[in-house]
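# Fold and geometry: a report
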Amino acid sequence: MKNPFHVMLIPTLGCPAHCSYCWSSDAGSPKMSIDTVRDVVTWLKEFRNDRVTFTFHGGEPLLAGADFYRQALPLLSQELSHLNPEFAMQSNLWLLTPEIAEILAQYQVPLGTSIDGPEELNDLQRGEGYFAKTMRGYEIARAHGLRVSFICTFTNYSVRFREEIFNFFLENRFRLKLHPALPSLRDKNPEQWALDPDEYGDLLVFLLDKYLDNLDSIEIMNINDLCRCIFTRRGSVCTFVNCTGNTFAVGPDGSIYPCYRFVGMPEWVMGQVRDAPTMEELSCSGAWQRMHQYEKYVDEACKECKHLRYCRGGCPYNAIVPTGGKIAGVDPHCRAYTRAFNEIGTRLNDEMMNTSFLDGASSFQGAPGAQKRPGIMRLMHKVLLR
Ligand code: SF4
Ligand code: SF4
């Protein structure tokens with residue numbers, strides 16, 4: 001069960017890598033000081049009384065160095081013990097040393113890292129040498145017992161190699177989360193790598209089938225989330241709930257934003273940790289108001305959609321930032337979400353009408369005599385019993 005409250009800490013927007021489609025790094029970014037972490041502690045002491053997850057994100061959070069984590073983790077963990085803090089980190093792992101891994105292991109910090117598939121393809125998109133550097137960090141993480149999952153960014157180029165990419169993750173038994181490349185707001189040619197929503201929808205259905213064929217050998221987190229949405233009728237990740245007020249990000253200078261994706265954009269600052277703002281004070285900021293307007297817009301724009309309850313219009317960043325803050329549509333990945341939700345929902349209904357669901361086998365098996373593919377019910381069991 002995910003914690004209801006999520007605070008992303010962005011120690012810096014700097015990053016030693018230069019991925020082609022990156023939209024978030026900033027070479028001149030400052031680094032967060034421990035005083036800012038102390039301000040975070042003071043801010044959150046009385047802010048909200050829910051279990052919290054802190055995710056260190058970037059840029060590249062390991063640029064903050066061992067000393068930062070040696071001080072920050074006990075501060076957050078002990079001073080906010082009433083919120084039962086849990087931790088996570090999203091990093092390319094290039095700068096992971098045994099010293100930092102030891103500190104992270106003490107606080108059981110799961111790591112998310114990024115690899116786009118086999119080395120050649122990955123390095124084409126993320127830069128030469130990227131793969132080897134990340135794998136070096138991965139080995140250090142594993143040697144210290146840290147859990148690592150992989151985010152695979154699919155671009156309009158790499159999606160042509162989806163079979164090879166899936167097999168790469170399967171063979172290596174990596175836990176996989178996919179990410180569609182977004183138009184880069186910092187690029188002169190923002191659509192260069194972006195994955196078209198229809199291609200993303202096809203990819204989700206392709207991966208659903210691949211997942212079902214290999215249920216005991218791989219974990220695809222996005223498919224798990226989509227299934228959970230359909231089965232529970234509630235969103236279980238930020239993309240599919242109203243995220244405002246449940247997710248915040250703190251930038252290197254202590255500015256508070258609605259999410260890490262907005263960090264570094266002055267018009268999306270909601271407040272400052274040193275002022276320890278209350279929820280009510282943050283809700284008066286222009287950034288909060290725009291996020292809230294998006295929720296109202298979704299209620300109207302998506303009112304005929306049967307998936308509204310557990311989709312909530314997708315990610316507001318995807319929807320409103322590319323238009324310069326103007327609310328002119330829902331998340332452009334709507335067509336992909338619709339496709340995946342429809343596919344999962346239809347298969348689930350068919351299986352429930354068909355006696356074969358009792359043994360977990362789908363009726364979508366193709367030619368007589370073909371080997372049976374496990375059905376959505378098997379996947380639902382797997383997801384819900386975890
Ligand atoms: S803006 Fe998008 S990525 Fe950020 S918390 Fe909201 S849904 Fe998640
Ligand atoms: S699938 Fe599309 S129309 Fe339906 S709720 Fe999500 S964004 Fe709105």
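Rules behind the numbers
- Residues numbered from 1 in each chain as written.
- Chains lettered and ligands numbered in written order.
- Predicted model: local features only at pLDDT ≥ 70, side-chain atom pairs only at ≥ 80, totals over all residues.
- Helix = DSSP H or I, 4+ residues; strand = E, 2+ residues; numbered from the N terminus.
- Rg over C-alpha atoms; globule rule 2.2 N^0.38 Å.
- Buried ≥ 20, exposed ≤ 12 C-beta atoms within 10 Å, placed from the backbone.
- Contact = placed C-beta atoms within 7 Å.
- Pairing = 2+ DSSP bridges.
- Expected span 1.5 Å × (residues − 1).
- Arc of directions from axis to C-beta.
- Near = placed C-beta within 6 Å.
- Nonpolar A, V, L, I, M, F, W, Y, C, P; charged D, E, K, R; others polar.
- pLDDT = per-residue confidence, 0-100.

### What about the overall build of the protein?
- In terms of regular secondary structure, the protein is built from 14 helices and nine strands.
- Here the protein has a C-alpha radius of gyration of 21 Å; the compact-globule value for 386 residues is 21 Å, and the two agree.
- By principal-axis analysis of the C-alpha atoms, the protein measures approximately 65 × 50 × 45 Å.
- Of all 386 residues assigned to the protein, the portion counted as buried reaches 42%.
- Pairs at least 24 residues apart make up 68% of the contacts formed inside the protein by residues separated by at least 6 positions.

### Notes on the sheet that holds strand β8 (residues 255–257)
- Pairing within the open sheet is mixed, and its nine strands lie in the order β6-β5-β4-β3-β2-β1-β7-β8-β9. With one partner strand each, in any of the chains shown, β6 (175–180) and β9 (271–272) form the two edges of the open sheet.

### Brief notes about helix α5 (residues 130–143)
- Along its 14 residues, α5 runs 20 Å from first to last C-alpha, staying within 8% of the 20 Å computed at 1.5 Å per residue.
- For α5, the full list of buried residues reads Tyr130, Thr134, Gly137, Tyr138 and Ala141. Viewed along the axis of α5, the buried residues span an arc of 110°, placing them on a single side of the element. For α5, exposure combined with an orientation more than 90 degrees from the buried face picks out Ala132, Glu139 and Ala143.
- Trailing α5 by a residue or two, Gly145 shows a phi angle of about 75°, which is positive.

### Examining the site of ligand 2
- In the vicinity of ligand 2, the contacting residues are Cys302, Cys305, His307, Leu308, Cys311, Gly313, Gly314, Val330, Asp331, Cys334, Tyr337 and Thr338.
- With three residues, helix α13 (residues 334–353) is the largest single contributor of residues to the shell around ligand 2.
- Residues belonging to the shell around ligand 2 are distributed by class as follows: seven nonpolar, four polar and one charged.

### Description of the confidence of the model for the protein
- Of the residues in the protein, 92% reach a pLDDT of 70 or more, and the chain-wide mean stands at 91.
- For the stretch residues 361–367, pLDDT sits under 50, and the model shows 19 contacts to residues farther than four places along the chain or on other chains.

### Some words on the pairing of strand β2 (residues 52–56)
- A large share of β2 lies buried, amounting to four of its five residues.
- Relative to β2, strand β1 (residues 5–9) is paired through five bridges, and the arrangement is parallel. If you follow Met8 over to β2, its bridge partner there is Thr55.

### Thoughts on unusual backbone geometry
- Look at the link from Gly58 to Gly59: it is a cis peptide, with omega at 10°.
- Tracing the chain through its elements places Gly59 in the loop between β2 and α2 (66–79).
- In the Ramachandran plot, Leu93 falls in the positive-phi region, its phi being about 70° despite a non-glycine side chain.
- Turning to its location among the elements, Leu93 is positioned in the loop between β3 (86–90) and α3 (98–106).

### Some points on the site of ligand 1
- Around ligand 1 lies a shell formed by Cys238, Thr239, Cys243, Thr247, Cys259, Arg261, Cys315, Pro316 and Tyr317.
- Residues of the shell around ligand 1, tallied by class, amount to six nonpolar, two polar and one charged.

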